[in-house]
Amino acid sequence: EGCFNTNLVTQGGCAIWYDEPEIVRKIEERISEKISEMGKDFRHPVHKNLAPGDTVVYGKTKEEAGKGMSDHIKAILSDVDELLVVEKDSQ
């Protein structure tokens, strides 16, 4: 902690040398696909057709995620209401 010596550890410093191309190769091997690279415009190839200012959204919105659970929530709603009453009474 607090070491600013940029020499390698083997030379008495704090820096560790990583063979980044080898690390990337091992990751690609593990995930069984090549990691894509950003272009010179710093845009990921998968999203190259996005207009400036557009954002990429992964996963579901709260509304989309909630749709699959609505039947479950309806089924336990009375139990949750009852627990709320019990909790308030116990305080």
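Here the structure is a predicted model, which means the values were calculated and not measured. (Residues numbered from 1 in each chain as written. Predicted model: local features only at pLDDT ≥ 70, side-chain atom pairs only at ≥ 80, totals over all residues. Heavy atoms only, no water.)

Caption draft 1: Spotlight on the side chain of Glu-28. Checked against the element boundaries, Glu-28 lands in helix α1 (residues 20-31). By relative accessible area, Glu-28 is classed as buried at 18%. Ignoring any residue separated from it by four or fewer positions in sequence, one finds Glu-28 in contact with Glu-33, Lys-34 and Ile-35. (Helix = DSSP H or I, 4+ residues; strand = E, 2+ residues; numbered from the N terminus. Buried < 20%, exposed > 50% of the residue type's maximum accessible area, 1.4 Å probe, protein only. Contact = heavy atoms within 4.5 Å.)

Caption draft 2: The state of the cysteines, seen in detail. Overall, the coordinates contain 1 disulfide when judged by the stated rule. Across the disulfide, Cys-3 is cross-linked to Cys-14 (sulfur-sulfur distance 1.4 Å). Disulfide Cys-3-Cys-14: torsion about the S-S bond near 80 degrees, hence right-handed. Remark: Cys-14 occurs in the segment before α1 and Cys-3 occurs in the segment before α1; sequence separation between them is 11 residues. Classification of Cys-3 by relative accessible area gives partly exposed; the value is 40%. Exposure remark for Cys-14: the relative accessible area of 35% places this residue in the partly exposed category. (Disulfide = S-S within 2.5 Å.)

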